[in-house]
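What follows is the residue order along each chain.
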Amino acid sequence: MNRRPISVIAIACLYIVAGAAGVIYHFHDFNPRHPLESEVILALLVRLAAIVCGVYLLRGSNWARWLAIVWIAYHVVLSGFHSWFELAIHSLLCIVIAYVLFRPAANAYFHAARRAG
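From a predicted model like this one, the values you see are computed outputs, not experimental measurements.

### Regarding the overall build of the protein chain
And then number 1: In terms of regular secondary structure, the protein chain is built from five helices and zero strands.
And then number 2: Helices and strands in the protein chain line up, N terminus first, as α-α-α-α-α.
And then number 3: Principal axes of the C-alpha set define a box for the protein chain whose edges measure 50 × 35 × 15 Å.
And then number 4: Once local pairs closer than 6 in sequence are excluded, the contacts in the protein chain between residues at least 24 apart make up 68%.
And then number 5: Accessible surface for the protein chain amounts to roughly 7,500 Å². Of this, 71% is attributable to carbon and sulfur atoms.
And then number 6: Charge-centre separation for the protein chain: the mean point of 9 positive side chains lies 28 Å from the mean point of 4 negative side chains.

### Thoughts on the packing of aromatic side chains
The description of two aromatic rings rests on the distance between their centres and on the angle between their planes.
And then number 1: Within the structure shown, the criterion is met by four aromatic pairs.
And then number 2: For the pair Tyr56 and Trp63, a centre-to-centre distance of 5.1 Å together with 40° between the ring planes defines the contact as tilted.
And then number 3: Among the residues examined, Tyr56 registers a relative accessible area of 30% and is labelled partly exposed.

### A closer look at the environment of Val23
And then number 1: Tracing the sequence through the fold places Val23 in helix α1 (residues 6-27).
And then number 2: Here the alpha-carbon distance between Val23 and Arg59, two residues 36 residues apart in the chain, equals 22 Å.

### Focus on a nonpolar patch on the surface
And then number 1: Residues Leu42, Tyr74, Val77, Leu78 and Phe81 make up a contiguous nonpolar surface patch of about 520 Å² in total accessible area.
And then number 2: The element contributing the most residues to the nonpolar patch is helix α3 (residues 62-79), with three residues.
And then number 3: Inspection of the secondary structure puts Tyr74 in helix α3.
And then number 4: Overall, the relative accessible area of 34% leaves Tyr74 in the partly exposed class.

Here is what the cut-offs are and how they apply
Residues numbered from 1 in each chain as written. Predicted model: local features only at pLDDT ≥ 70, side-chain atom pairs only at ≥ 80, totals over all residues. Heavy atoms only, no water. Helix = DSSP H or I, 4+ residues; strand = E, 2+ residues; numbered from the N terminus. Contact = heavy atoms within 4.5 Å. Areas by Shrake-Rupley, 256 points an atom, 1.4 Å probe, with all protein chains shown as cover. Lys, Arg positive; Asp, Glu negative; His and termini not counted. Charge placed at Lys NZ, Arg CZ, Asp CG, Glu CD. Phe/Tyr/Trp six-rings, centres within 6.5 Å; stacked < 30°, edge-to-face > 60°. Buried < 20%, exposed > 50% of the residue type's maximum accessible area, 1.4 Å probe, protein only. Patch = residues over 30% accessible without salt bridge, like charges linked within 9 Å, V, L, I, M, F, W, Y side chains within 5 Å. Salt bridge = Lys/Arg side-chain N within 4 Å of Asp/Glu carboxyl O.

Right under this line is the structure:
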């Protein structure tokens with residue numbers, strides 16, 4: 001299998017760290033007395049998706065790079081309801097992540113992992 005590109009490692013680690021930090025941040029907001037009434041569950045699921053995405057990016061799963069794009073695009077949409085600065089940062093991150101995950105080196109890595117699996 002091709003070597004894992006450093007850029008993919010960096011993006012995967014970014015997702016794992018962002019997801020873990022989000023889980024820790026939102027975990028104290030969870031109310032076990034009313035678990036189904038809390039929007040914290042959605043926030044926790046989104047953060048867990050980031051962790052799963054990062055782990056499977058490291059494993060070379062092609063679907064994980066698509067999940068990575070969907071995850072950051074979701075944040076771009078959410079940012080549209082907040083400040084322009086937040087929207088700009090998330091948009092920039094989306095462009096950079098898409099570029100990194102679909103460069104020729106990353107394509108070769110993900111396609112080689114698919115053939116090996």
